[in-house]
Amino acid sequence: SSARIAFLDKVKDKLLRDEQAGLLIELAKADVYLRQNNFEEALKILDASRKVMDRLAAKDPVVYSSFYRSNALYHQKRENFEGFYSDILQYLAYTNEKILEDQEKVDLSLQMALAVLLSDKIYNFSELVDQPILLSLHQSPYTWVFELIKTFNEGSVSKFYANAKSFAEHMKAQFGGKEKFLEEKIRVMALLELVFRMPKNERTVSFKTIAEVTQLNVQDVELLIMKAMSLDLIRGSIDEIDQTVQIRWSKPKVVDKEKIKVMRDKLVDWSTSLNALVKSFETSQQQSV
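Computed from a prediction, not measured in an experiment: that's the story for all the values here.

Asker: How would you sum up the side chain of Lys 185? Please name residues and give values.
Answerer: Considering the arrangement of structural elements, one finds Lys 185 in helix α11 (residues 179-197). There is a polar contact of 2.6 Å between the side chain of Lys 185 and the backbone oxygen of Ser 119. Those residues in contact with Lys 185, other than ones at most four positions away along the chain, are Val 116, Leu 117, Ser 119, Ile 122, Tyr 123, Phe 125 and Phe 152.

What follows is the structure, encoded as structure tokens:
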């Protein structure tokens, strides 16, 4: 309210020499404006606060925490999923989880999960899965969201359909009208998981294999590949005659423990192949002497 803004301005006037305290008060004002849906005034404060943040040499973690929380709230109000998710992760990085109430943990986890699920630009779920706060959903009415996030992280189309059946009422209430988008997104995740698990020197994959993994008709696979390429999640070349795609590059991502195990297995396979090559070379050298 205007009374709250006036009160905060009076407090700030008494703290002219303390820039960080003044910054915290400005951010509190931004929060008031955001709750009033006065985005123009809120954005002015957030932009000015960013400039002050850039200028200050040493900043208290509380300042960082407040700054990113206010920015996250702004993006949430504007339905900018990517901006919200990025800033809320920064907020958590500068915030001691112990000061958060249990319900606040649940609310934040739910908001992050929904942002990642509904974003058409975020296709890395591992970073979210690794957030300790996400476990709060497991002991809440939103356990189904926790399970859905794990399914997307695994890139399992079969589990997605099982989730859609088990959580039908929840998903309809939460994602009404977005089910088709989620279905498309899980297929992209399945493709990325397939690519991730492939050896780097064997990254030519048939449309048939992709169709099996993504549960698509073979004739629809090329569109899925092109979508992943348009999102810059993979780069490569499509052979329409042989019905294959050669993957030259896939977007690096934060990896969870399961994916680290896959990478370790890849290194073991690579080491075994290298040792075999060295032994073969040594044998041929000895025979030629």
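So, next bit.
Asker: Just give me the short version of the side chain of Asp 87, but keep the residues and values in it.
Answerer: Note that Asp 87 resides in helix α5 (residues 81-93). Arg 50 provides the closest opposite charge to the buried, unpaired Asp 87, separated from it by 5.3 Å.

Asker: Just give me the short version of the pairing of strand β3 (residues 244-250), but keep the residues and values in it.
Answerer: Relative to β3, strand β1 (residues 204-206) runs antiparallel, the two being bridged by three bridges. Within β3, the residue paired with Thr 204 across the bridge is Gln 246. Examined bridge by bridge, strand β2 (residues 234-239) and β3 share six bridges and lie antiparallel to one another. Looking across to β3, one finds that Arg 235 is bridged to Trp 249. Linking β2 back to β3 in an antiparallel pair, the connection comprises four residues, with Gln 243 at a positive phi of about 55 degrees.

Rules used in this analysis
Residues numbered from 1 in each chain as written. Predicted model: local features only at pLDDT ≥ 70, side-chain atom pairs only at ≥ 80, totals over all residues. Heavy atoms only, no water. Helix = DSSP H or I, 4+ residues; strand = E, 2+ residues; numbered from the N terminus. Polar contact = N/O pair within 3.5 Å; in protein donor to acceptor, adjacent residues only side chain to side chain. Contact = heavy atoms within 4.5 Å. Buried < 20%, exposed > 50% of the residue type's maximum accessible area, 1.4 Å probe, protein only. Lys, Arg positive; Asp, Glu negative; His and termini not counted. Salt bridge = Lys/Arg side-chain N within 4 Å of Asp/Glu carboxyl O. Pairing = 2+ DSSP bridges.

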